Structure formats: C-alpha cells, structure tokens
Amino acid sequence: MSKLSQKLITKLKEINELLRSKVILDSFKRDFLRERLQEFGRFFYVEEMADNEVSLWFENKSLFGVDGSVNFTKGSLDRLIFFFQALALGTKGEQLWDVDVIVPLLQDKNEDFCLRNTHNKNIILSSLELNVAYNALKKWSPKMVIMDGSLAHFFLDNNSLWKKTAAKALEKGVLLVG
C-alpha cells in the first residue's frame, strides 16, 4: 500500500478531533449499542483459535466475502447511467456476480424512485449483495459468509430478502456475519 502524505495525516487528525468534539459520546457507549443491536441478532464470544483449530472448524468448506459497488457517469441526473454490481467470492475460487444498470431517462416519469436519494441506491446495492449471498449459500453451503457492512442495514434495506438469506444460512448451519 502507498504511504500517506504527512499533510493528509495531519488533516485527518484535525478532522478526527473536530468530530470527537461534536459527537455526543454517551450515545456510543458499549451497553447502549449492544442493547440496540440485540434487536437484529445475538452476541456471543469467540475465543481465538490456533491455525489447526480454524482448519478443523471450516470442515474443508469455503469462507465467502460479499461486497458491492455503485458507479455512475457524470452529468445531470436524467442523463446519468448507474452501474451496480455485487460479488460473493469464496476462498476456493467460487464466485457469483449480480449486476444492475439504471438509466433514469429510460424510467417511467411517474415512478416515485429517485437515484438522487442515496438510500434508494443503497437499497439496490443491498438487494444485489443479498442475492449473491443467498445464491452462494444455496449453491455451495460455505462455513461462513462475511457481508460488507452491518447486517442491520440489509434488514432495513430489503427485509424480505434479508429474512430469506438469514433463514437459508440458519438452515445450512452457515455463520453469517457483517
């Protein structure tokens, strides 16, 4: 990885201090966060394992990582093209892709869906990521799937697909983490 310039490091430290002064730290206390997150799942402690224990735990199954991205052309909103893609990549070379391309100019003018709204883009991306995770669970039954980001945002962005994916992970005995 490239080294960061000293100027960038200094600026980031300054921003960090400004953010710390503006954020109410009480709202980030561990117990408060844990209580809120209990609504979406459960916590359990995992002790550090030796390499051979990790290998035994994986039972010769894959670990999958799931991530997605959105890119778009420059221009006014109705002239943009949005490219969405998600990938589930396994440690044994398995991979599943899902993509979508949205062109606002070609969408129904009455449609109450605006890609200017970041949340709408997140819904599309979350749905693609959940789709590749679900299909990886179905096709390969990995030991673990690591989703990029909090599982809570998948729960909120596409609840029905989240429930389907979580149910498939439970059915197959796969650890689903975010």
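Procedures and definitions
- Residues numbered from 1 in each chain as written.
- Predicted model: local features only at pLDDT ≥ 70, side-chain atom pairs only at ≥ 80, totals over all residues.
- Heavy atoms only, no water.
- Helix = DSSP H or I, 4+ residues; strand = E, 2+ residues; numbered from the N terminus.
- Contact = heavy atoms within 4.5 Å.
- Pairing = 2+ DSSP bridges.
- Axes fitted to C-alpha atoms, helices over the stretch in contact; angles between N-to-C directions.
- pLDDT = per-residue confidence, 0-100.
- Core = buried A, V, L, I, M, F, W, Y, C linked by side-chain atoms within 4.5 Å.
- Buried < 20%, exposed > 50% of the residue type's maximum accessible area, 1.4 Å probe, protein only.

A.B. asks: Where do I start with the overall build of the protein in this structure?
C.D. replies: For the protein, the helix and strand inventory stands at six helices and five strands. Secondary structure of the protein in N-to-C order comes out as α-α-α-β-β-β-α-β-α-α-β. Long-range pairs, those at least 24 residues apart, make up 61% of the contacts in the protein between residues at least 6 apart in sequence.

A.B. asks: Explanation requested: the sheet that holds strand β2 (residues 82-90) in the structure shown.
C.D. replies: Backbone hydrogen bonds are what pair the strands of a sheet, in a parallel or an antiparallel way. The sheet built from five strands is open, its strands ordered β3-β2-β1-β4-β5 with mixed pairing. The open sheet is flanked by β3 (95-102) and β5 (175-177), the only strands paired with a single partner. Neighbouring strand axes in the sheet, compared pairwise and without regard to direction, differ in orientation by 15° on average. As paired strands, strand β1 (residues 63-72) and strand β4 (residues 144-147) are joined by four bridges and run parallel to one another. Within β4, the residue paired with G65 across the bridge is I146.

A.B. asks: How should I be thinking about the confidence of the model for the protein in this particular structure?
C.D. replies: As a general rule, the predicted coordinates of low-pLDDT regions are not to be interpreted in detail. Put simply, the protein has an average pLDDT of 85, and 89% of its residues get 70 or more. In the model of the protein, helix α2 (residues 30-37) stands out as the element of lowest mean pLDDT, 76, in contrast to β4, which has the highest, 96.

A.B. asks: Sorry if this is basic, but what is going on with the nonpolar core here?
C.D. replies: Generally speaking, a soluble globular protein has its nonpolar side chains buried in company with each other. Judged by nonpolar contacts, the single largest core of 26 residues is most densely connected at V66, F84, A88, V145 and M147. Going through the elements one at a time, β1, β2, β3, α4 (118-140), β4 and α6 (159-172) are the ones with two or more residues in this core. With eight residues, the single largest contributor to this core is α4. Once you skip the residues sitting within four places of it in the chain, V145 turns out to touch F64, V66, A133, L137, V174, L175, L176 and V177.

A.B. asks: I'm lost on the environment of F155 in this one. Help?
C.D. replies: Within the element layout of this structure, F155 appears in helix α5 (residues 151-157). Taking the C-alpha atoms as reference points, F155 and F40, separated by 115 residues in sequence, lie 7.9 Å from one another. Apart from the residues within four sequence positions on either side, F155 is in contact with F40 and W162.

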